Amino acid sequence: MSSPQKFQAESASDLVLQYVTFRLAQETYGINVMMVQEVLRYSEIAPVPGAPDYVLGIINLRGNVVTVIDTRQRFGLPASDVSDSTRIMIIEADQQVVGIMVDSVAEVVYLKQSEIETAPNVGNEESAKFIQGVCNKNNELLILVELNKLMSEEEWSELAAI
Amino acid sequence: MNWHDTPQQAMEDYLDALLHEDLLEEPSIEPLKIPSESQASRLADAFSGGGFNEEPREESLQARQLSESMLQFRQVQQSPAENQGLPLKLDEPFTNSQVILPNISLPTAEPIADPLVETLADVVQKIETAQALKSQIETLEEQAVDEPETQLESLVEEQQLEEAVKEQIAEEQLEEQLAEEAFEEAEAFEAAEAQVEEELQEWPEELQEEYTHEVAPLVEQTTENAAKETLEEAVEAVEAVAGQPPSPPGWKDGRPVWAQERFECLLFKVKGLTLAVPLAELGGIIKIEKQPTPLFGQPDWFLGILRNNKMNVSMVDTAQWVLPPALIKKDQEPYKLVIRIHNSAWGLACDAVDRSISLQPEQVRWRTSLGKRPWLAGTVIEYMCALIDAAAFDRLLKEGHGDLEPADLKALKKLNN
């Protein structure tokens, strides 16, 4: 059996998903590629007075205003300076287009559904529910993030009003 | 608490206090940021409700109720005539003794006293408690997410736990059935008694007097004997229940199943404290060569996920569970090893592994109640160590139970100084 045929046969029995990986605080995270629209280099973010603390500000994306979320703050990670590798990932979640700022964007990986393991969830922090699962890839643990749960309904509404 | 001069004495105090935490002053510590309500907490509360305490003054409410029922049964035995439930006591004797006994069948059903009905209520209450435990175990089964290769063994363990609960329920159901049968017999007897009294009213006076002098004493004697037999059976059932306190999962006769005979333990060190884990519950020892991957939003005691042997091991900061926060220095050296619990994805971080020892069950001072530290199986004074109930530890971790207070013991503080 040729390689593509073998891949298709495997795919039929075990769903293969594509994830875009990015790094935050020395750890690697993954989000479903279907949610990512594009990846931008860091550009000036205009702060919005009165915005929630997890909102860094807004950017102009080809004439459209996009709200940028402070991912580190949202994940409960310490703040960090912007570097050359800092990226803004434009994602579509909960029928809204927002940007999330990350330390760097790495690659797109193929993960089988069976490879994804449930992450232990013993915390009561709000951010704990963002974790969809974990997967070991290339001797590195990949933390898969559920972006739809990144914010509550009220918070998505708040973002829409900005 | 009395202070002692030697570190050994201080350590003995610490181990003693681990087992008798309720006798100590409550520490003023910051609670861990973890769920306050969990199934394990409810389970621990259910178990800590009584039954494990050996001291009479700490006997459970259930045992007291059973004892009261027994006392009332004895009173019935001593003065059956005073009991309202006893039938066929005619106050006015009949005058005519020339009677011919009618062809009636006298009831032989056993009477039941009110305390027996109370015992039935107690038994029903115990069954409800047992059913609550069973439903909690079923909930735990649903929540358990294990590795595929370990799922079968975990299921076997859970099945054993379920069987233990089922045995207890079966015993209580048997007692309930006995009580129900006795109750039904008593009701039938009362109905027959009423029927006899009605028929007596229709008899001639001679027959009534004959019945009063000859038949009624025989019936009363038969009734009394039947009551005695019923009472003895009930007392035996109550004593059997009172003598068998409910055991936590994986425990039998006041100690873990693996400790029924001589067992082996591995000693390991956590921030200066020696702990012991039974080899029967030891899954493996992992050397930390790469820092674990932390997950955001988790409590401080969750150090992260460690990849080992194609398995993700969740690493626990053991010190935060077994030591008071004041004794956990922030700048201490990182852990070097992880003690993985058998058939579990959880591992206890430690500084060093000491050696393995062989223990007789009598060498361990087993805990008598679950308290706030269900992970503690007991203490071994000879080796100055706390023996960990790894299976209980695993259950707590799986359920995300974190509102446990670490040991805040002045004796250990003294030792540390």
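Let me begin by describing the structure that accompanies this report. No experiment lies behind these values; they were computed from the predicted model shown.

**Considerations on the overall build of chain B**
Scanning chain B from terminus to terminus reveals nine helices and 13 strands. Within the span of chain B, comprising 417 residues, buried residues form 46% of the whole. Across chain B, the fraction of contacts at a sequence separation of at least 24, relative to all contacts at a separation of at least 6, is 74%. Carbon together with sulfur atoms contributes 47% to the accessible area of chain B, which is approximately 22,100 Å² in total.

**What to know about the overall build of chain A**
In terms of regular secondary structure, chain A is built from three helices and ten strands. The secondary structure elements of chain A, listed N-terminal to C-terminal, are α-β-β-β-β-β-α-β-β-β-β-β-α. Evaluated residue by residue, chain A yields a buried proportion of 44% over its 162 residues. Carbon together with sulfur atoms contributes 46% to the accessible area of chain A, which is approximately 8,700 Å² in total.

**A look at the side chain of D317(B)**
Residue and element names in this part refer to chain B. Tracing the chain through its elements places D317 in the loop between β7 (311-316) and α7 (318-322). Summary of buried charges: D317 has no salt-bridge partner, and the nearest side chain of opposite charge, K271, is 6.1 Å away. Among the polar contacts listed, one links the side chain of D317 to the side chain of Y335, at a separation of 2.3 Å. The contact partners of D317, leaving out residues within four places of it in the chain, are W301, L303 and Y335.

**Comments concerning the packing of aromatic side chains**
Under the definition given, this model contains 15 aromatic pairs over all chains. Note on F75(A) and F130(A): the rings are 6.0 Å apart at their centroids and 40° apart in plane angle, and the pair reads as tilted. With F75(A) in helix α2 (residues 71-75) and F130(A) in the loop between β8 (104-112) and β9 (131-137), this residue pair connects regions lying 55 residues apart in the sequence. Given the relative accessible area of 1%, F75(A) is considered buried. With 6.1 Å between their ring centres and 40° between their planes, F263(B) and W366(B) make a pair best called tilted. Of this pair, F263(B) sits in strand β3 (residues 263-270) while W366(B) is found in strand β11 (residues 365-366), placing the two residues 103 residues apart along the sequence. Both residues of the pair, F263(B) and W366(B), count as buried.

**Brief notes about the interface of chain B and chain A**
Contact with chain B, which involves 22 residues of that partner, is made by 23 residues of chain A. Across the interface of chain B and chain A, roughly 1,800 Å² is buried in total on both sides, 63% from carbon and sulfur atoms. Counting across the chain B and chain A interface gives one salt bridge. Notably, a salt bridge pairs R307(B) with E117(A), separated by 3.5 Å at the nearest N-O pair. Elements that contribute at least two residues to the side of chain B that touches chain A include exactly β6 (302-308) and β7 of chain B. With three residues, the single largest contributor to the side of chain B that touches chain A is β6(B). Looking at the side of chain B that touches chain A residue by residue, the class counts come to twelve nonpolar, six polar and four charged.

**Considering the sheet that holds strand β9 (residues 346-350) of chain B**
All names here are of chain B. Read across the open sheet, the five strands follow the order β5-β8-β9-β7-β6; overall the sheet is mixed. Taken across any chain shown, the strands that pair with only one partner, and hence form the sheet edges, are β5 (282-287) and β6. The mean inter-strand angle of the sheet, taken between neighbouring strand axes irrespective of direction, is 30°. Note that β5 and strand β8 (residues 337-341) share five bridges and pair antiparallel.

**Describing the pairing of β6(B)**
Residue and element names in this part refer to chain B. Looking at chain direction, β6 and β7 are connected through six bridges and run antiparallel. Counted as the bridge partner of F302 is V316 from β7. Between β6 and β7, which pair antiparallel in sequence order, lie two residues; one of them, N309, sits at a positive phi of approximately 50°.

**Things to note about the nonpolar core**
I31(A), M89(A), I91(A), I100(A), L147(A) and W321(B) are the most contacted members of the largest nonpolar core, which has 77 residues in total. Residues contacting L147(A), with those up to four places away along its chain left out, are I31(A), M35(A), I91(A), A93(A), I100(A) and W156(A). Core analysis: the next-biggest nonpolar cluster, separate from the first, contains 15 residues, W258(B), A259(B), L267(B) and A377(B) among them.

**Quick word on the side chain of D70(A)**
Checked against the element boundaries, D70(A) lands in strand β5 (residues 64-70). Every residue in contact with D70(A), bar those within four places of it in the chain, is listed here: Y54(A) and L56(A).

**Describing a negative patch on the surface**
Among the surface-exposed residues, D94(A), E153(A), E154(A) and E158(A) lie close enough to one another that they form a single negatively charged patch. By the element assignment, D94(A) lies in the loop between β6 (87-93) and β7 (96-102).

**With respect to the pairing of β5(A)**
Residue and element names in this part refer to chain A. Here β5 lies mainly inside the structure; five of its seven residues are buried. Note that strand β4 (residues 55-61) and β5 share six bridges and pair antiparallel. Across the sheet, residue N60 finds its bridge partner in β5, namely V65. Hairpin connection from β4 to β5: two residues lie between these consecutive antiparallel strands, with R62 at a positive phi of about 50°. Here four bridges tie β5 to β7, and the two strands are oriented parallel to one another. Bridged to T67 within β7 is V98.

**Focus: the sheet that holds β4(A)**
Residues and elements named next belong to chain A. In spatial order, the strands read β3-β6-β7-β5-β4; together these five strands make up an open sheet with mixed pairing. Two strands in the sheet have a free side with no partner beyond their single neighbour: β3 (36-41) and β4. Here the strands of the sheet are splayed against their neighbours by 30° on average, with no regard to which way each runs. Along the sheet face, helix α3 (residues 153-161) touches β4, β5, β6 and β7 and points at about 95° away from the line of β7.

Rules of the game
Residues numbered from 1 in each chain as written. Chains lettered and ligands numbered in written order. Predicted model: local features only at pLDDT ≥ 70, side-chain atom pairs only at ≥ 80, totals over all residues. Heavy atoms only, no water. Helix = DSSP H or I, 4+ residues; strand = E, 2+ residues; numbered from the N terminus. Buried < 20%, exposed > 50% of the residue type's maximum accessible area, 1.4 Å probe, protein only. Contact = heavy atoms within 4.5 Å. Areas by Shrake-Rupley, 256 points an atom, 1.4 Å probe, with all protein chains shown as cover. Lys, Arg positive; Asp, Glu negative; His and termini not counted. Salt bridge = Lys/Arg side-chain N within 4 Å of Asp/Glu carboxyl O. Polar contact = N/O pair within 3.5 Å; in protein donor to acceptor, adjacent residues only side chain to side chain. Phe/Tyr/Trp six-rings, centres within 6.5 Å; stacked < 30°, edge-to-face > 60°. Buried area = accessible area lost by both parts, 1.4 Å probe. Nonpolar A, V, L, I, M, F, W, Y, C, P; charged D, E, K, R; others polar. Pairing = 2+ DSSP bridges. Axes fitted to C-alpha atoms, helices over the stretch in contact; angles between N-to-C directions. Core = buried A, V, L, I, M, F, W, Y, C linked by side-chain atoms within 4.5 Å. Patch = residues over 30% accessible without salt bridge, like charges linked within 9 Å, V, L, I, M, F, W, Y side chains within 5 Å. Charge placed at Lys NZ, Arg CZ, Asp CG, Glu CD.

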